[in-house]
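# Breakdown of the fold
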Amino acid sequence: MSGFVAVHTGAGNILDETKYQRVIKEACIAATDILKNGGSAMDACEAAIIRLENCGNTNAGFGSNLCWDGYVQCDASIMNGSNLHFGACTNVSTVKNPIQLARMLCEGQERMLSMERIPPMIMAGTGAENFAEEMGCAMIDASAMISSKAKFTYTHYKSKVGDGAKVTSTKIESNPEQSETVDAAEVSPLDTVGAVCVDSTGNSAAGCSSGGLILKVPGRVGQAATYGAGCWATDTDDLSVATCTTGNGEYLMKTFLAKEICTDLFTSDCAVTSLHKTFKSKFLESPFLPADQCLYGGALSLIYYPKNNCGEVLWSHTTKSFCVGYMSTQQKTPKFVYSPLPAYSQPGKSSVVNGHNFHLRV
């Protein structure tokens, strides 16, 4: 059995990509092992994101950014390209792996509830948590979702709210034996996670998971739980396309960026050109977004031609950097990529697109 997976740990101002390199490779290996054993693209996509949620260095699952009240509220979603089903959860604090709940909701779209009730596609808060527990999801105490890194980053940022003084590098003690220097102008709050995948049948899947913005208002819903914004996947006999996004959630939601990317890829002869145009006309120059602000976003996309058993993985971003990884079932080791914005480009005002071709032996 064959397949291909690509993952990311968010577009942002990444100071040390090495903290993501190991977990990105582990996520790719976890996904391709499933594909080799006959698992679906959905299985592989979920497994990759679970690994990213559990690592503690990303803004997803354990280690997510804290809300204004000091607690974690997670968003996640997943989409199945073969049947166009979508599932998402938002504002969950006690579900260990939010992507697992999103997957269950997505799978639940296949059947009606009793009394011909339409099954839920997106669930929120305590209702979502109760449902997750009933369905057998791994549950955790809300306080156990808070990492020392997230706690002290939260303390640092909250102390600066309303402070008119210039923010300089501040030493934050994460524990008695360890400390780190955090520059508020450089720390990235955008390190959400996502994955795109295609299996041996040509079916695709896309998913994403996020803790949202640092100091976000409790109850805020981000793009990772929003239909058309966080992820999208669509399959036809001739083409499979999937994408997952990262960045300023409100701007990604206003532009339906994930869906727009996939729609444009379907109608373009050149994927790289298509992504450049989409980011320029439908994000950076979107009439729905403020023209006088920096617009930060990124996307990891996959396009696959089932009849030729070949495809492309592409990453695009308007941020200073983006960490991605990819692997096919034919590769012995995953490929890690640190993608910087060119020095001559201004973050939030211009974009960069790169990619790699792949071939599957089916």
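Named according to an unreviewed UniProt entry, the protein is Threonine aspartase 1 originating from Musca domestica. For the record of the protein, the UniProt heading Sequence similarities (unreviewed entry) holds the text "Belongs to the Ntn-hydrolase family."

Val-7, Cys-45, Ile-78, Val-92, Leu-101 and Cys-197 are the most contacted members of the largest nonpolar core, which has 48 residues in total. Setting aside its immediate chain neighbours within four residues, Leu-101 contacts Cys-89, Val-92, Val-95, Ala-128, Phe-131, Ala-132 and Cys-137. Among the nonpolar cores identified, the runner-up in size contains 47 residues, and Ala-6, Leu-252, Leu-295 and Phe-322 belong to it.

This part is about the packing of aromatic side chains. One pass over the structure, following the stated rule, counts 7 aromatic pairs. Arranged with centres 5.1 Å apart and planes meeting at 80°, the rings of Phe-86 and Tyr-227 form a pair that is edge-to-face. Note that Phe-86 is positioned in strand 3 (residues 85–92) and Tyr-227 in the loop between strand 8 (204–210) and strand 9 (231–235), a separation of 141 residues in sequence. For Phe-86, a relative accessible area of 1% translates into the label buried. Ring geometry for Phe-279 versus Phe-283: centroids 5.9 Å apart, planes at 65°, classification edge-to-face. Of this pair, Phe-279 and Phe-283 both sit in helix 8 (residues 271–284), 4 residues apart, which is roughly one turn of the helix. The exposure classification of Phe-279 matches that of Phe-283, with both residues buried. Among the aromatic residues, those joined into a ring-pair cluster are Phe-4, Tyr-304, Trp-315, Tyr-326 and Phe-358.

The next point concerns helix 3 (residues 98–107). For helix 3, the buried fraction is high: 7 of the 10 residues fall into the buried class. Buried residues of helix 3: Pro-98, Ile-99, Leu-101, Ala-102, Arg-103, Leu-105 and Cys-106, and no others.

Whenever strands of a sheet pair, they do so through backbone hydrogen bonds, lying parallel or antiparallel. The strand order 4-3-2-8-7-1-13-14 describes an open sheet built from 8 strands, whose pairing is mixed. In the strand order of this sheet, the two ends are held by strand 4 (122–124) and strand 14 (335–340), each with one partner. Between one strand and the next, the sheet's axes are offset by a mean angle of 10°, whatever the strand orientation. Against the sheet, helix 2 (residues 41–54) makes contact with strand 1 (3–12), strand 2 (74–80), strand 7 (193–199) and strand 8, and its axis sits at roughly 155° relative to strand 7, the strand it touches most.

Before going further, it helps to spend a moment on the UniProt feature "active site" (unreviewed entry) in the protein. When the UniProt feature table is mapped to this numbering, "active site" (unreviewed entry) covers Thr-192. Following the sequence through the fold, Thr-192 ends up in the loop between strand 6 (178–182) and strand 7.

Mapped onto the secondary structure, Ile-214 falls in the loop between strand 8 and strand 9. Residue classification places Ile-214 among the buried positions, given a relative accessible area of 16%. A sequence separation of 202 residues divides Ile-214 from Gly-12, and the C-alpha atoms of the two residues are 13 Å apart.

Within this structure, the stated rule accounts for 10 salt bridges. A salt bridge links Asp-43 to Arg-103; the nearest nitrogen and oxygen atoms lie 2.9 Å apart. On the criterion of sequence distance, the pair formed by Asp-43 in helix 2 and Arg-103 in helix 3 is long-range, its members being 60 residues apart. The partly exposed category is assigned to Asp-43, whose relative accessible area is 27%. Arg-103 gets classed as buried once you look at its relative accessible area, which sits at 12%. Of the charged contacts, one joins Asp-264 and Lys-282 as a salt bridge, the two residues approaching to 2.9 Å between their closest N and O atoms.

Parameters at a glance
- Residues numbered from 1 in each chain as written.
- Predicted model: local features only at pLDDT ≥ 70, side-chain atom pairs only at ≥ 80, totals over all residues.
- Heavy atoms only, no water.
- UniProt positions renumbered as here; feature names shortened; annotations may be inferred.
- Core = buried A, V, L, I, M, F, W, Y, C linked by side-chain atoms within 4.5 Å.
- Buried < 20%, exposed > 50% of the residue type's maximum accessible area, 1.4 Å probe, protein only.
- Contact = heavy atoms within 4.5 Å.
- Phe/Tyr/Trp six-rings, centres within 6.5 Å; stacked < 30°, edge-to-face > 60°.
- Helix = DSSP H or I, 4+ residues; strand = E, 2+ residues; numbered from the N terminus.
- Pairing = 2+ DSSP bridges.
- Axes fitted to C-alpha atoms, helices over the stretch in contact; angles between N-to-C directions.
- Salt bridge = Lys/Arg side-chain N within 4 Å of Asp/Glu carboxyl O.

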